[in-house]
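Here is what each chain is made of, one letter per residue.
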Amino acid sequence: MLFLIVQRLFDHVIMNRIKQALQKDKQGKKLLSIYFTAGYPQLDDTKKIIQDLEKSGVDFIEIGLPFSDPLADGPTIQESSTRALKNGMTTNLLFEQLKDIRESVNIPLIMMGYFNPMLQYGVEKFCKKCRETGIDGLIIPDLPVDVYNEQYKSIFEKYGLINVFLITPQTSDERIRFIDSVSNGFIYMVSSASVTGSTKGFGEETKAYFKRIAAMELVNPQIIGFGISDQKTFQDATKFASGAIIGSAFVKHLTVNGSGGTSSFVNSIRPLTGF
Amino acid sequence: MSNTMTYQANEKGYYGDFGGAYIPEMLYPNVEELRSQYLDIMKEESFQKEFNYLLREYVGRPTPLYLAERFSQKYQTKIYLKREDLCHTGAHKVNNTVGQILMAKRLGKNRIIAETGAGQHGVATATVCALMGIECIVYMGEVDIERQAPNVARMKMLGATVVPAKSGSRTLKDATNEAIRDWINNPVNTHYIIGSVVGPHPYPDMVARFQAVISEEIKVQLKEKEGRENPDHVVACVGGGSNAAGAYFHFLDNPDVGIIAVEAAGKGIYTGESAATSALGKEGIIHGSKTLLMQTEDGQITEPYSISAGLDYPGVGPMHANLFRTGRGEFISITDDAAMKAGMELAKLEGIIPAIETSHALAIFEDRKFKEDDIVVVNLSGRGDKDLSTYIEYFNL
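The rules behind each value
- Residues numbered from 1 in each chain as written.
- Chains lettered and ligands numbered in written order.
- Predicted model: local features only at pLDDT ≥ 70, side-chain atom pairs only at ≥ 80, totals over all residues.
- Heavy atoms only, no water.
- Helix = DSSP H or I, 4+ residues; strand = E, 2+ residues; numbered from the N terminus.
- Rg over C-alpha atoms; globule rule 2.2 N^0.38 Å.
- Buried < 20%, exposed > 50% of the residue type's maximum accessible area, 1.4 Å probe, protein only.
- Contact = heavy atoms within 4.5 Å.
- Lys, Arg positive; Asp, Glu negative; His and termini not counted.
- Charge placed at Lys NZ, Arg CZ, Asp CG, Glu CD.
- Salt bridge = Lys/Arg side-chain N within 4 Å of Asp/Glu carboxyl O.
- Buried area = accessible area lost by both parts, 1.4 Å probe.
- Nonpolar A, V, L, I, M, F, W, Y, C, P; charged D, E, K, R; others polar.
- Arc of directions from axis to C-beta.
- Axes fitted to C-alpha atoms, helices over the stretch in contact; angles between N-to-C directions.
- Parallel < 35°, antiparallel > 145°, perpendicular 65-115°, else oblique.
- Core = buried A, V, L, I, M, F, W, Y, C linked by side-chain atoms within 4.5 Å.
- Pairing = 2+ DSSP bridges.
- Phe/Tyr/Trp six-rings, centres within 6.5 Å; stacked < 30°, edge-to-face > 60°.
- Lys NZ or Arg CZ within 6 Å of the ring centre and 35° of its normal.
- Polar contact = N/O pair within 3.5 Å; in protein donor to acceptor, adjacent residues only side chain to side chain.

**Student:** Account for the overall build of chain A, with residues named and values stated.
**Tutor:** Regarding its fold elements, chain A presents 12 helices and eight strands. A compact globule built from 275 residues would reach a C-alpha radius of gyration of about 19 Å, and chain A, at 17 Å, matches this within 12%. Principal-axis analysis of the C-alpha atoms gives chain A an extent of 50 × 40 × 35 Å. Sorting the 275 residues of chain A into buried and exposed places 59% on the buried side. Put simply, 76% of the contacts in chain A that link residues at least 6 apart link residues at least 24 apart. Where the 30 positive side-chain charges of chain A centre and where its 29 negative ones centre are 3 Å apart.

**Student:** Quick rundown of the pattern of salt bridges? Include the residues and the values.
**Tutor:** Residue and element names in this part refer to chain A. Going through the model one piece at a time under the given rule, you end up with 43 salt bridges over all chains. Across the salt bridge formed by Asp136 and Arg17, the nearest N and O atoms sit 2.8 Å from each other. In this pair, Asp136 is assigned in the loop between helix 6 (123–133) and strand 4 (137–139) and Arg17 in helix 1 (residues 2–26), connecting sequence segments 119 residues apart. Arg17 shares its class with Asp136; the two are buried.

**Student:** Report on unusual backbone geometry, specifying residues and quantitative values.
**Tutor:** All names here are of chain B. The omega torsion across Arg61 and Pro62 is -5°, close enough to zero to call that bond cis. Following the sequence through the fold, Pro62 ends up in the loop between helix 2 (45–59) and strand 3 (65–67). Residue His201 is joined to Pro202 through a cis peptide bond whose omega torsion reads 15°. Looking at where Pro202 falls in the secondary structure, it is placed in the loop between strand 8 (190–193) and helix 9 (203–211). Phi at Thr89 is positive, roughly 75°, even though this residue is not glycine. By the element assignment, Thr89 lies in the loop between strand 4 (78–83) and helix 4 (93–106). The backbone of Asn396 sits at a positive phi, close to 50°, despite the residue not being glycine. Turning to its location among the elements, Asn396 is positioned in the segment after helix 16 (388–395).

**Student:** Give me the lowdown on the interface of chain B and chain A, citing residues and values where you can.
**Tutor:** The interface of chain B with chain A comprises 34 residues on the first partner and 38 residues on the second. Together, the buried faces of chain B and chain A total about 2,800 Å²; carbon and sulfur atoms form 53% of this surface. Our count for the contact surface shared by chain B and chain A stands at three salt bridges. Put simply, Arg175(A) and Glu25(B) hold a salt bridge, and the shortest N to O gap is 2.7 Å. Secondary structure elements with two or more residues in the side of chain B that touches chain A: helix 1 (28–43), helix 8 (172–185), strand 11 (282–286) and strand 12 (289–293) of chain B. Looking at side-chain class alone, the side of chain B that touches chain A contains 15 nonpolar, nine polar and 10 charged residues.

**Student:** Outline helix 7 (residues 149–157) of chain B, listing residues and values.
**Tutor:** A turn of α-helix holds 3.6 residues, and therefore any two residues three or four places apart point the same way. Residue and element names in this part refer to chain B. By the burial criterion, the buried members of helix 7 are Asn151, Val152 and Met155. Looking down the long axis of helix 7, one finds its buried residues gathered within 105° of arc, a one-sided arrangement. Facing away from the buried surface of helix 7 by more than 90 degrees, the exposed residues are Pro150, Lys156 and Met157. Buried-residue contacts for helix 7 involve strand 5 (111–116), helix 5 (120–132), strand 6 (135–141), helix 6 (142–147) and strand 7 (161–165). Positive phi shows up at Gly159, right after helix 7, with a value of about 90°.

**Student:** Summarise the packing of helix 14 (residues 336–350) of chain B against helix 16 of chain B; cite the residues concerned and give the values.
**Tutor:** Residues and elements named next belong to chain B. Closest axis-to-axis distance for the helix 14/helix 16 pair is 11 Å, and the angle between their directions is 105°. Between helix 14 and helix 16, the angle is such that the two are roughly perpendicular. For the pair helix 14 and helix 16, the contacting residues are Asp337, Met340, Lys341, Gly343 and Met344 in the first and Thr390, Tyr391, Tyr394 and Phe395 in the second. Taken together, the residues of the contact of helix 14 with helix 16 break down into five nonpolar, two polar and two charged.

**Student:** Report on the environment of Met132(B), specifying residues and quantitative values.
**Tutor:** All names here are of chain B. Among the secondary structure elements, Met132 is positioned in helix 5. Residues Met132 and Asp387, 255 residues apart in the sequence, show an inter-C-alpha distance of 28 Å. Non-local contacts of Met132, meaning those with residues more than four positions away in its chain, are made with Leu54, Ile101, Leu102 and Lys105.

**Student:** Provide a residue-level description of the nonpolar core, including the pertinent values.
**Tutor:** Ranked by internal contacts, the top residues of the largest apolar core, which has 188 residues, are Ile63(A), Phe115(A), Tyr152(A), Phe156(A) and Tyr248(B). Setting aside anything within four residues of it in sequence, one finds Phe115(A) in contact with Val123(A), Ile140(A), Asp142(A), Leu143(A), Tyr152(A), Tyr22(B) and Ile285(B). Judged by nonpolar contacts, the second largest core, of 28 residues, contains Val235(B), Cys237(B), Ala339(B) and Ile364(B).

**Student:** Tell me about the sheet that holds strand 6 (residues 187–190) of chain A, and name the residues and values.
**Tutor:** Residue and element names in this part refer to chain A. The strand order around the closed barrel built from eight strands is 1-2-3-4-5-6-7-8, with neighbouring strands paired in parallel fashion. Neighbour-to-neighbour, the strand axes of the sheet open up by a mean angle of 25°, direction not taken into account. Where strand 3 (residues 109–112) meets strand 4, three bridges bridge the pair, whose relative direction is parallel. Residue pairing for strand 4: Met111 is matched across the bridge by Leu138. Lying on the sheet, helix 2 (residues 46–55) is in contact with strand 1 (31–37), strand 2 (60–64) and strand 3; it crosses strand 1 at an angle near 170°. In this fold helix 10 (residues 231–238) packs onto strand 1, strand 7 (222–225) and strand 8 (243–246), with an angle of close to 145° to the strand it touches most, strand 8.

**Student:** So, the packing of aromatic side chains: which residues are in play, and what are the values?
**Tutor:** Counted under the stated rule, the structure contains 27 aromatic pairs over all chains. For the pair Phe60(A) and Phe186(A), a centre-to-centre distance of 5.3 Å together with 45° between the ring planes defines the contact as tilted. With Phe60(A) in strand 2 and Phe186(A) in the loop between helix 8 (173–182) and strand 6, this residue pair connects regions lying 126 residues apart in the sequence. Comparing Phe60(A) with Phe186(A), the two get one shared label, buried. By the ring-pair criterion, three or more aromatic residues cluster together here, those being Phe202(A), Tyr209(A), Phe210(A) and Phe240(A). Between the NZ or CZ atom of Arg368(B) and the centre of the ring of Phe370(B), over which it lies, the distance is 4.4 Å.

**Student:** Describe in detail the side chain of Glu217(B), supporting the description with residues and values.
**Tutor:** All names here are of chain B. Inspection of the secondary structure assignment puts Glu217 in helix 10 (residues 213–226). Within polar-contact distance, the side chain of Glu217 engages the side chain of Arg61 at 2.9 Å. Those residues within four positions of Glu217 in sequence are excluded, and the remaining contacts are Arg61, Pro62, Thr63 and Lys82.

Scope: geometric values only; no functional claims are made or implied.
Pasting the structure below:
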């Protein structure tokens, strides 16, 4: 019994890393989440990138578990995944690299990956390992909300993990409400009908979609991803949501600069004094 | 075990443990639009009428069920060949593309995308798009484009745009990834014609139903020839498994009919150069479906190998994964060498040059013996014209 109470308290602390960060929006700060692929550009860059991102004032970090066939991603993230796998990244190795990450960083960490590697690792074992490592949440694009709700929700909850779902401009209001009801952190709002890495900027249609979702007054805050690549797109997106996610643009930055220069990239998106 | 045991998909698209729709949210509206309508559309009288008309007048159905006498004599059993090789475009693939183009029209789509490995499905898709005057984009691995030049030329003649898939291993699975990405980027006006019984529900079931015309005809033709509808065994090669799904369809739930699935062992099952998914695959998710697939311990999808480009898919349709797991299907793997030999043998004995995919199915008779009075139907899924350069190289013709 006492163990259960302690565990609940522990869960509470863990969940609060994501939820606490989301509170900043209420204080007028727009959240910035950065994605990178673990094992890229160099196999052992994972820890340094995470530490540098935290120092640069980023609010969330999404750690990409590389997959051979990332079908929701564009060429930039796919190439980084292919490279990371060639470098030798595996699920076990990633957990090994992150094993004492909580000694040095306090930032919310979200693992983003495709379902098959997690299935092979064992879903429960994977969730347990995430919790031991100090991972706060997961984004699994090809685990649909329906399947999660029926088969895996209890496992994720047992280990205090927040699972983040995506919505798109084509998602019906009814389904958005359903996703909102299953969610327990934030909703990942895909900016447009596209895979990751598009840099077209936001047109009127996209803005109308942002407004439509904002007007739904969902329980969970929304963070916009896909197509955010610079200060302009970050500012445009966060007018309508709690924050925004940058993936491909940061991976490109890593391609050019290696794991150095993270703070200058983050500053170019959201100058430290700006918000 | 209850009497309602079925090897067909249930309404959620599961065949036993396999199937379902493991898709990113970006694909949900497209797939859901199709899922919620495909059965109703297929049942419409006008749809059936148009589908059957095109199969008859355009594809050239019914295809003969031919008693291969000399081949039968050699293997001491009664072997019928279901001549899908005589379909327009040279293989069974067109049954599905005719069905799906009519589906796309009814869903109001004006742009078609498809993936292709060897190019057969790409050609079959480009063909029906030309027929209907609909824009067609075919994704094909860069490596496959190089080794399948004649089919690339065919697709171009038919007005399709062939887009090279440059990601990953640049073969069929990557072409499929690219097609899925295209669909994510074009969710409203585009229909994705998947070429096999793979992908998220409802594709495996829908494609199987379009290919089911094969076993439907077998029943009628066998009744005429033998006085009975059911053969003792149905044999088909399995890559993704669409010709097999069509050949088995009406026999799936009849335990008196043996189902034999033939996979490509490549250079040998355990050589690292194989496509024998049932032997080498583990349960996992590929292209939106839970099925058996070849992967590393870490869940990374691996690249299969077979001399036949149509069989080197790292997964297998969920129907077949279930046939394997339940033991309903007998799975046999055939090496490159055995397949090539069987292809040559059919040419010499029957005057039919089969596709190398089909040659795998024909090769089982060397070791798998049947009773003399057994009736064995082999689905002759495609003709060998497309494989001539491989035959030439292999046999120094």
